[in-house]
Amino acid sequence: MRRPLLRLAVLAALAGGALVGSAFHADMERARGRLVGRSQVIDSPWGPIEYADVGQGPAVLMIHGSGGGFDQGLDFAEPLARNGFRVIAPSRFGYLRSAFPEGASPEMQADALAFLLAKLGVDRAVVIGGSAGALSATQVALRHPALCRGLVLMVPASYAPDRPTNASAARSPATAAAVQGLLRSDFLFWAASRLAPDQMTRMVLATEPAVVKAAPPDEQRRVAGVLAHILPVSARADGLLLDSAAAGAPPPYPLERLACPVLALSVRDDLYGTAAAAAHVAAKAPDARLVLYDRGGHLWVGHQDEVWREVTDFLHGLPPN
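1. Topic: the sheet that holds strand β2 (residues 49-54)
1) Next: Spatial strand order, β1-β2-β4-β3-β5-β6-β7-β8: eight strands in an open sheet with mixed pairing. At either end of the open sheet lies a strand with only one pairing partner, and these are β1 (40-42) and β8 (288-293). For this sheet, the mean inter-axis angle between neighbouring strands, taken without regard to orientation, is 20 degrees.
2) Next: By the bridge criterion, six bridges tie strand β5 (residues 125-130) to strand β6 (residues 148-154) in an arrangement that is parallel. From the neighbouring strand, V126 faces β6, where its bridge partner is G150.
3) Next: Its contacts with the sheet put helix α2 (residues 70-81) on β2, β3 (59-63), β4 (86-90) and β5, and the angle it makes with β4 is roughly 165 degrees.
4) Next: The sheet contacts of helix α4 (residues 133-143) involve β3, β5 and β6, and relative to β5 the element is tilted by about 150 degrees.

2. Some words on the packing of aromatic side chains
1) Next: Scanning all chains against the criterion turns up five aromatic pairs.
2) Next: Ring geometry for F24 versus W190: centroids 5.4 Å apart, planes at 65 degrees, classification edge-to-face. On the criterion of sequence distance, the pair formed by F24 in helix α1 (residues 2-33) and W190 in helix α6 (residues 186-195) is long-range, its members being 166 residues apart.
3) Next: On the basis of relative accessible area, W190 is assigned to the buried category, the value being 6%.
4) Next: Pairwise contacts between aromatic rings join F24, F187 and W190 into one cluster.

3. Topic: the nonpolar core
Side chains of a nonpolar character, in soluble globular proteins, are inclined to be buried together.
1) Next: Among the nonpolar cores identified, the biggest contains 55 residues, and L80, I128, V152, M154, F189, V311 and L315 are the most heavily contacted of them.
2) Next: Discounting residues that sit within four places of it in the chain, V311 has contacts with L80, I128, V152, M154, L263 and L265.

4. Things to note about the side chain of E310
1) Next: Positionally, E310 belongs in helix α12 (residues 304-316).
2) Next: A polar contact of 2.7 Å, which involves the side chain of E310, links it to the side chain of R289.
3) Next: Leave out the neighbours within four places in its chain, and E310 touches L263, L265, R289, V291 and Y293.

Rules behind the numbers
- Residues numbered from 1 in each chain as written.
- Predicted model: local features only at pLDDT ≥ 70, side-chain atom pairs only at ≥ 80, totals over all residues.
- Heavy atoms only, no water.
- Pairing = 2+ DSSP bridges.
- Helix = DSSP H or I, 4+ residues; strand = E, 2+ residues; numbered from the N terminus.
- Axes fitted to C-alpha atoms, helices over the stretch in contact; angles between N-to-C directions.
- Contact = heavy atoms within 4.5 Å.
- Phe/Tyr/Trp six-rings, centres within 6.5 Å; stacked < 30°, edge-to-face > 60°.
- Buried < 20%, exposed > 50% of the residue type's maximum accessible area, 1.4 Å probe, protein only.
- Core = buried A, V, L, I, M, F, W, Y, C linked by side-chain atoms within 4.5 Å.
- Polar contact = N/O pair within 3.5 Å; in protein donor to acceptor, adjacent residues only side chain to side chain.

Structure representation (C-alpha cells):
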C-alpha cells in the first residue's frame, strides 16, 4: 500500500513542479515581451543609455524609481503622454539595457541624462523623479539649471534630517536580507509575488496591504501591475543595488540652489519615510510647493487622479520656455 502512495506523491510533486515551471516561464515571457520594441538605445560617454520617447508637446524627463526602467517611467507618466506632453523615459544606470558604469552615482546619472536630452534636441524640460529617481532628478536641476524648467519630486527617497537612514518597510534585518535575495532572482521574486503578495506589497512597494485592499479595483490593479512589472528583476539587479546604497543613506543636497519651481509630493504613511524628505525639499528650495496625503503608502494608493492633476496643473503653470 505504501509504494503506490509513494508513487502517487512523487507523481503529484513532479506534476506540481511542472505546472509551477510552466507558469513561471509563461509569466517571464510576458514580462520580457512587454519590453520589446518600446525603447531605443544611444551611445554615450557612460555607455549605452536606454530610453523611450512618446507623446507630443513640452518635454518631460520622467526618471523612474527603484525596480523600474523606461517601462516604469512610461507607466507612471502615461497621464502626461496622453494629455499634451512629450515624455522621455530613460532607464537609469544598471536597469535593463542601460550601462552600469564604474563609480555610478546620482551626479553621474544626471550628467548622462543631460547628454541624452541634448542628443534628442531638447533644450528645456520639466524633470520628474520618483522615489530613488528623485536623487538623479534633483542633481539634473542642480548641475544643469538651464535645462530644467521645473522639478517634480514624487515620494522622494532623499535626505531629510528626521528621515532615518536605510529606511525600510522590512520589519527585521532578516526580512531585509530576504528581500535583497528576492531582488536578485527572477524565480524567487516571481514565487514570492504569487505566494505572498501582501508581504511583497509591504516590503517592496512600501505600502500597507490594508490600504490597497480598501482601494477601488482600478487602484488595486495598478499596484499589482507595479509589482508584476519589476520582472525581469535580474535585468534590474545592478540598478536596484545601486539604489539601495544611494537612497538608503542619501547625503544632503544644496536645495537652496534650486533655480526652478519645485513640486514635492508624498504620503505620510509611506513606509520608506519619504514624507519627511518631501517636506525638507519644500522647506529648503526657494520656490517650492508641498503636497502631502495622509494615507496611500509609497504608491499614493487612492490618490492617482489627484496626484497627476497636481502634476499637470504644476506643469501648465510654469513659465514658457
